[in-house]
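As a plain string of letters, each chain reads:
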Amino acid sequence: MLTRRRSRVIRHRVAQAVPTLILVSLVSFLILHIGPGDPALLLAGEFPTEESIAEIRQLYGFDRPIWEQYLSWVGQLLRGDLGLSLQSREPVMDLILNRLPNTLLIVCYAMVIAFVVGSVLGIAAAARRGSLVDRVATGVATIADALPYFWLAMLMVSVLALDWQLFPATGAVRFLEDPLGAIWTATLPAIALSISGIAQITRQLRAAMIEVLASPFVRTLRAKGLSPAAILWRHGLKNVGVTLLTVVGLVFSGKIGGTLLTETVFAIPGTGSALIQAAINKDYFVVQGIILMLAVLVFLVNLVVDLLYAVLDPRVE
Amino acid sequence: MAVPLLQVEGLELALRAGRSWLTVVEDVSFAIAPGEAVGLVGESGAGKTLTGLALLGLLPRELFRAAGRVRLEGEDILSLPERALRRLRGRRISMIFQEPMTALDPVFTVGEQIAETLRAHTGLSPVAAKARAVEALAEVGIPLPARRAEDYPHQLSGGMRQRVMIAIALACEPRLLVADEPTTALDVTIQAQIIDLLLRQVSARGTALLLVSHNIGVVRECCSRVVAMYAGQVVEDAPVDALLERPLHPYASGLLRSHPRFAPHRARLPSIGGRAPAPGAMPSGCRFAPRCAHRTTGCEAPQPLLPLEGRAVRCHRAAALDLPGAVP
Amino acid sequence: MSAPLLRVQDLRVAFPLRDSGDTLKAVDGVSFDVAEGETLGIIGESGSGKSTLGRAIVALLRPDAGRVELAGEDLFALPAPQLRRRRHAMQIIFQDPHAALNPRRRILDSVREPLDIAGEGSPAERTARALAMLARVGLDQAQAARFPHELSGGQKQRVNIARALVRRPRLLVADEATSALDVSIQADILNLYLDLQAEFGLTYVIITHDLAVAMHVSDRLAVMYLGRFVEVAPAATLEQAARHPYTRALLAAEPVALPSRLVTGARMPLQGEIPSPVDPPSGCRFRTRCPVAEPRCAAAEPAWRQVAPGHRVACHLVEGAAC
Ligand SMILES: Nc1ncnc2c1ncn2[C@@H]1O[C@H](COP(=O)(O)OP(=O)(O)OP(=O)(O)O)[C@@H](O)[C@H]1O
Ligand SMILES: Nc1ncnc2c1ncn2[C@@H]1O[C@H](COP(=O)(O)OP(=O)(O)O)[C@@H](O)[C@H]1O
Ligand code: SF4
Ligand code: SF4
Ligand SMILES: [Mg+2]
Ligand SMILES: [Mg+2]
């Protein structure tokens, strides 16, 4: 599968990733330093005294040049040290690791839903253009885009969870302790989170598939005696693979940001809700740590997408 | 003539234009005997491609309406259901297209694309189909076929891709091959190779050939008979040499004489002048009349395709005119 | 003979390849002259560098080495503003009649545009000149008011010719300008070329892979292979007495539309395909496909030989005066 040229492309992409990673770390680092005011003052709490500020400055090294601070911060980072929460004095790394599984569960779950529903709708709509399926799919995509997210989530909680009691309304179950229960509990938030992704995937895939089905090689396939199903599912699908990958990557990155709202609405102890809490509490190291973690996640998703391009599309240069 | 392999009678193709239908091909009739090679010539827009597609039932039914008869070994293709057509395409009748650049799926290897045809029509296992695909590539003269089978279309030149198209079309030993301008996009030297290959392959298999081309030289090399189309109709159906020596229809003569070879060096060419009428704006009588230098009374009437001197011609003056052909 | 209108000397154009750092030598040492009022045909397979050469001649592309002189003036030695002022004297038309026209502008505006840019005459005069040129190529006022999609391929090619000629160039390069057209339309356009040449005293460089077209319209023909010329001769000479094995192969490859009794001999198609211009064969570039190649063909590049007045060949097997 991997020709020499393609492995070269992959190495190239990975090498290109290094500057992006450095940029991500810089931005996360500067969150604390570029902001208004003296970081030491920010960290000193509600009743700062001259001594406590000086102590903090010394403790965190704010008196040193900024690049030196950055380098030592990166050094700590590489050892897995993101500092301590100002609130709970718990290591930020532990806090993130504790909550990350809940976040990842709903993001991945939402991705699976968006991918399956979006692909089926998009492909079915393209295969039968102008049919009822097409109109329904296009309609769903338009409505899903227009729905206010918050309103939709509340509606789902009140109808599906509170009135009909189909799903638990809020909270989370730890995946490692009770996988089925965890998935069950995550269903509502995942559906809510997946809606805009469904719309995006449906629309993009429909357009891409229509274009593929109109290309001249489809005539060759028909002249060979292939069935419409073989043309659609074998040739059509592989040809829209690149588009599908792009939109899935985009949706995935979007979902990672979307967890902030979802986790808050559904009271899920994940990184998104923790980020909002920490922002309210001015718990700077937690904010910094979570933003860094989310950025790295988005970055990893994009890297995987880039690498898959080289595998999926033989024409990739 | 022996029992024809393919018999086209009064084929009419209409294209949906809003609520009404626009006739683009009308009263097309010709036959092809088993193993025979027939050329289909005419200027662009004459309806050659549409006729070829109709022979395989490839025109989408929601866009095109077909009337008349197309019989392949006695079976009427126009009335076959889609499922039966699928069993026929690629197995009993195949088609190759003009654009070698875009006619192959870019994300499958050429080996896969040949094997796929075999698998659709024969009970070959995936492994056997793949092995057969490599053989097929060797037969169409592709060097290092086992390695080339793993290549994607974009890694091949235009000539190589057209060889692959031929391998796909002939993989299941069809009885008839429709080749739509298979060399138009290629250089003369590559065109010569492809013609050579095509002829060797069809004669080795006894496959009949319908060669669509606007190059009469190519048709002369490949075919014994030629069907000339103008504005959606057959205007002359004749043995190639007879048509080249002495065409009976004024359009066929005009087409031959406008070739630069037949005029003295740097002299004006005897061009036909004007343009073919568009579908929907066809003259009610002879469709060639607005451009015809031999028009007289009687030309306002629709012209039927009539037998004459062992040919078929659509011109009431054909017997009386003595038209120049491709003889210097 | 008077000084030539166009003189090309040892022209080279190479394109750097992004991946490997190699260069693709599209035109690799081409020299020729074209006299005023003459028609030079350039034939060869696709990928031989014809279009690149054509674009360099009209200064649409800067060569890496060599000179292009128009009426004795070295185009690439001119400062940019002066080169711009010479551009109207050399025009090019391309194969795709659709691509060259702005789909959202009316035909008249497209043809008038070169005059507008040059600011020649009053607006009314410009319109009149554009209309006159359109009429000259066979398009009336009603057609001039249309958009490109409302015209046929042949009519669009006429528009392109009108647009190229409206500022009265001295040199016209036509790159496969009739290749996309039907034979009968092609005949009309070729007739138009000949008429316009007689009327305006134009000098033509006709690039085509269609031998019959090239033979018919050209006074002289140059055969190009892999970035080089291999044979140059008057059209009639080339047709009857071509000397280079590649020229002969090209002539033999053309399918002739003659009754079988007039067709002599079986055709021997040339084997293989044109090699990559990134890494051309050593010695004679044609040797990988040449049916009569000898060991020395790999060792040394053949020199140009003059076999008759105006007939030059570059092949080891051809005897003649060195030139
Ligand atoms: N901008 C470019 N960058 C890289 N390579 C180029 C470029 N333009 C042309 N080439 C290459 O230069 C060579 C000659 O190209 P050119 O188009 O001039 O040939 P041609 O003989 O006119 O071919 P055709 O008949 O297909 O148009 C080809 O191998 C082509 O791929
Ligand atoms: N899909 C289509 N939609 C609309 N018009 C078409 C379509 N296909 C062909 N036509 C028209 O039908 C006529 C015949 O076309 P075609 O069979 O492609 O001719 P040829 O092969 O001789 O060039 C032309 O006028 C063309 O414009
Ligand atoms: S019927 Fe009349 S107009 Fe038509 S081709 Fe014959 S002579 Fe010409
Ligand atoms: S120099 Fe040699 S290889 Fe080249 S054309 Fe002449 S004989 Fe052939
Ligand atoms: Mg066609
Ligand atoms: Mg070119």
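Residues numbered from 1 in each chain as written. Chains lettered and ligands numbered in written order. Predicted model: local features only at pLDDT ≥ 70, side-chain atom pairs only at ≥ 80, totals over all residues. Heavy atoms only, no water.

**Q** Even after reading the chapter, I still don't get the interface of chain B and chain C, so can you show me in this structure?
**A** By convention, interface size is frequently given as the accessible area that disappears when the constituent parts associate. Taken together, the contact pairs 45 residues of chain B with 47 residues of chain C. Counting each side, the surface lost to burial between chain B and chain C is near 3,800 Å², with a carbon and sulfur contribution of 51%. Connecting chain B to chain C are 5 salt bridges. Of the charged contacts, one joins Arg268 of chain B and Asp195 of chain C as a salt bridge, the two residues approaching to 2.3 Å between their closest N and O atoms. At the boundary of chain B and chain C, one finds 24 residue pairs in polar contact (both at pLDDT 80 or more). Listed by contribution, the elements that provide at least two residues to the side of chain B that touches chain C are α6 (158-170), α7 (188-205), α8 (216-222) and α9 (240-245) of chain B. Looking at the side of chain B that touches chain C residue by residue, the class counts come to 18 nonpolar, 15 polar and 12 charged. (Contact = heavy atoms within 4.5 Å. Buried area = accessible area lost by both parts, 1.4 Å probe. Salt bridge = Lys/Arg side-chain N within 4 Å of Asp/Glu carboxyl O. Polar contact = N/O pair within 3.5 Å; in protein donor to acceptor, adjacent residues only side chain to side chain. Helix = DSSP H or I, 4+ residues; strand = E, 2+ residues; numbered from the N terminus. Nonpolar A, V, L, I, M, F, W, Y, C, P; charged D, E, K, R; others polar.)

**Q** Can you walk me through the sheet that holds strand β12 (residues 311-314) of chain C in this structure?
**A** The strands making up a sheet associate through backbone hydrogen bonding, with each pair oriented either parallel or antiparallel. Residues and elements named next belong to chain C. Spatial strand order, β6-β7-β8-β3-β9-β10-β12-β11-β13: 9 strands in an open sheet with mixed pairing. Among the strands making up the open sheet, the edge pair consists of β6 (90-93) and β13 (321-322). Relative to strand β7 (residues 171-175), β6 is paired through 4 bridges, and the arrangement is parallel. The residue of β7 that forms the bridge with Ile92 is Val173. Of the strands in this sheet, β6 and β7 are in contact with helix α6 (residues 153-165), which crosses β6 at around 170 degrees. Here helix α7 (residues 183-200) sits on the sheet in contact with β3 (39-43), β6, β7 and β8 (203-207), set at roughly 160 degrees to β8. (Pairing = 2+ DSSP bridges. Axes fitted to C-alpha atoms, helices over the stretch in contact; angles between N-to-C directions.)

**Q** Would you mind going over the site of ligand 4 with me for this structure?
**A** All residues adjacent to ligand 4 are His244, Pro245, Cys284, Phe286, Arg287, Cys290, Val292, Ala293, Cys297, Cys315, His316 and Leu317 of chain C. In terms of residue class, the shell around ligand 4 is made up of 9 nonpolar, 2 polar and 1 charged. (Near = heavy atom within 4 Å.)

**Q** What exactly am I supposed to notice about helix α5 (residues 92-127) of chain A here?
**A** Within an α-helix, residues lying three or four positions from one another point in the same direction, as the helix has 3.6 residues per turn. Between its terminal C-alpha atoms α5 of chain A stretches 50 Å, which fits the 52 Å expected from 36 residues at 1.5 Å a residue. Remark: the principal bend of α5 of chain A, roughly 35 degrees, maps to Arg99 of chain A, with a proline, Pro101 of chain A, within the next four residues. (Expected span 1.5 Å × (residues − 1). Bend = angle between axes of the 7 residues up to and from the residue.)

**Q** Where do I start with the sheet that holds strand β4 (residues 64-72) of chain B in this structure?
**A** Residues and elements named next belong to chain B. Taking strand neighbours across the sheet as the criterion, the 4 strands line up as β2-β1-β4-β5 in an open arrangement whose pairing is antiparallel. Here the strands that pair on one side only, and so sit at the sheet edges, are β2 (20-32) and β5 (75-76). Note that strand β1 (residues 6-17) and β4 share 8 bridges and pair antiparallel. Bridge pairing in β4 places Val8 opposite Val70. Helix α1 (residues 48-55) rests against β1, β2 and β4 of the sheet, and its axis sits at about 115 degrees to β1.

**Q** Would you take a moment to explain the site of ligand 3 for this structure?
**A** Surveying the vicinity of ligand 3 reveals the residues His249, Pro250, Cys286, Phe288, Ala289, Cys292, His294, Cys299, Gln303, Cys315, His316 and Arg317 of chain B. Tallied by class, residues from the shell around ligand 3 come to 7 nonpolar, 4 polar and 1 charged.

**Q** What is the right way to look at the packing of helix α11 (residues 271-280) of chain A against helix α12 (residues 284-312) of chain A in this model?
**A** A packed helix pair is summarised by two numbers, namely the angle formed by the two axes and the spacing between the axes. All names here are of chain A. Where α11 meets α12, the axes come as close as 9 Å, and the angle between the chain directions of the two elements is 145 degrees. Crossing handedness for the pair α11 and α12: left-handed. Taken together, the residues of α12 that come into contact with α11 (itself represented by Thr271, Ala274, Leu275, Ala278 and Ala279) are Val286, Val287, Ile290, Ile291, Met293 and Leu294. A class-by-class count of the residues in the contact of α11 with α12 yields 10 nonpolar, 1 polar and no charged. (Left-handed = near helix turned anticlockwise from the far one by under 90°.)

**Q** Before we go on, may I ask you to explain the packing of α6 of chain B against α7 of chain B in this structure?
**A** All names here are of chain B. Orientation of α6 relative to α7, taken along the N-to-C sense of each, is 15 degrees, at an axis distance of 10 Å. As far as their axial angle goes, α7 and α6 are roughly parallel. Every pair of crossing elements has a handedness; the one defined by α6 and α7 is right-handed. Seen from α6, the contacting residues are Gly159, Gln162, Arg163, Ile166 and Leu170; seen from α7, they are Ile190, Gln193, Ile194, Leu197, Leu198, Gln201 and Arg205. Among the residues forming the contact of α6 with α7, the class breakdown is 6 nonpolar, 4 polar and 2 charged. (Parallel < 35°, antiparallel > 145°, perpendicular 65-115°, else oblique.)

**Q** Looking at this structure, how should I read empty space enclosed by the protein?
**A** Which parts of space are left empty comes out when a probe the size of a water molecule is rolled across the atoms. Residues and elements named next belong to chain B. Applying the stated criterion across every chain yields a total of 10 cavities of 30 Å³ or more. When its volume is computed, the largest cavity comes out at roughly 90 Å³. For the largest cavity, the lining is made up of 14 residues, of which Pro250, Cys286, Cys292, Cys299 and Cys315 are closest to its centre. Of the residues that constitute the lining of the largest cavity, the class distribution is 8 nonpolar, 4 polar and 2 charged. (1 Å grid on protein atoms, 1.4 Å probe; cavity = no way out; pocket = protein on both sides within 12 Å on 5 of 7 lines; lining within 4 Å. Points joined across faces, edges and corners; volume = space filled by probe spheres on them.)

**Q** Would you explain the layout of surface pockets in this entry?
**A** Size it by volume and the second largest pocket reaches roughly 1,200 Å³. For the lining of the second largest pocket, the secondary-structure elements that each account for two or more residues are α5, α8 (179-213), α9 (216-223) and α10 (228-265) of chain A together with α2 (82-88) of chain B. Class assignment of the residues belonging to the lining of the second largest pocket gives a composition of 21 nonpolar, 3 polar and 9 charged.

**Q** Teacher, can you tell me more about the confidence of the model for chain C here?
**A** Segments scoring low in pLDDT should not have their predicted coordinates read at a detailed level. On average, residues of chain C carry a pLDDT of 92, and 98% of them reach 70 or more. Predicted as a complex, the structure gets a pTM of 0.83 and an ipTM equal to 0.90. (pLDDT = per-residue confidence, 0-100.)

**Q** Before we go on, may I ask you to explain unusual backbone geometry in this structure?
**A** Only a minority of non-glycine residues have a phi that is not negative, and only a minority of peptide bonds are not trans. Its identity is not glycine, yet Glu309 of chain B carries a phi of approximately 50 degrees, on the positive side. Inspection of the secondary structure assignment puts Glu309 of chain B in the loop between β11 (306-308) and β12 (311-313). Taking relative accessible area as the criterion, Glu309 of chain B reaches 49% and is therefore assigned partly exposed. In this structure, Arg168 of chain C takes a positive phi of about 55 degrees despite not being glycine. Arg168 of chain C sits in the partly exposed class, given a relative accessible area of 49%. (Buried < 20%, exposed > 50% of the residue type's maximum accessible area, 1.4 Å probe, protein only.)

**Q** Looking at this model, I keep getting lost on the environment of Val248 of chain A. Mind explaining?
**A** Residues and elements named next belong to chain A. Its place among the elements puts Val248 in helix α10. A C-alpha to C-alpha distance of 34 Å links Val248 and Ser85, two positions 163 residues apart in sequence. Among all residues touching Val248, those that are not within four sequence positions of it are Met111, Phe115 and Ile201.

**Q** I tried to follow the side chain of Glu181 of chain B on my own but got confused; where do I start?
**A** Residue and element names in this part refer to chain B. Mapped onto the fold, Glu181 is located in the loop between β7 (176-180) and α7. Although Glu181 lies buried, it forms no salt bridge, and the closest oppositely charged side chain, Lys48, sits 4.3 Å away as judged by the N-O distance. Here the side chain of Glu181 touches Thr184 through a polar contact of 2.5 Å, side chain to side chain. (Lys, Arg positive; Asp, Glu negative; His and termini not counted.)

**Q** Is there a simple way to explain the packing of aromatic side chains in this structure?
**A** The description of an aromatic ring pair uses the distance of the two centres, along with the angle that the planes make with each other. Evaluated as defined, the whole model comprises 11 aromatic pairs over all chains. Plain terms: the ring middles of Tyr230 of chain B and Phe288 of chain B are 5.1 Å apart, the flat faces sit at 85 degrees to each other, and that makes the pair edge-to-face. In this pair, Tyr230 of chain B is assigned in strand β9 (residues 225-230) and Phe288 of chain B in the loop between α10 (250-257) and β11, connecting sequence segments 58 residues apart. Classification of Tyr230 of chain B by relative accessible area gives buried; the value is 2%. The class of Phe288 of chain B is buried, set by a relative accessible area of 4%. Measuring from centroid to centroid gives 5.1 Å for Tyr225 of chain C and Phe286 of chain C, while their planes differ by 85 degrees, and the two rings are edge-to-face. Taken together, the residues Tyr225 of chain C in strand β9 (residues 220-225) and Phe286 of chain C in the loop between α10 (245-253) and α11 (295-299) connect sequence positions 61 residues apart. (Phe/Tyr/Trp six-rings, centres within 6.5 Å; stacked < 30°, edge-to-face > 60°.)

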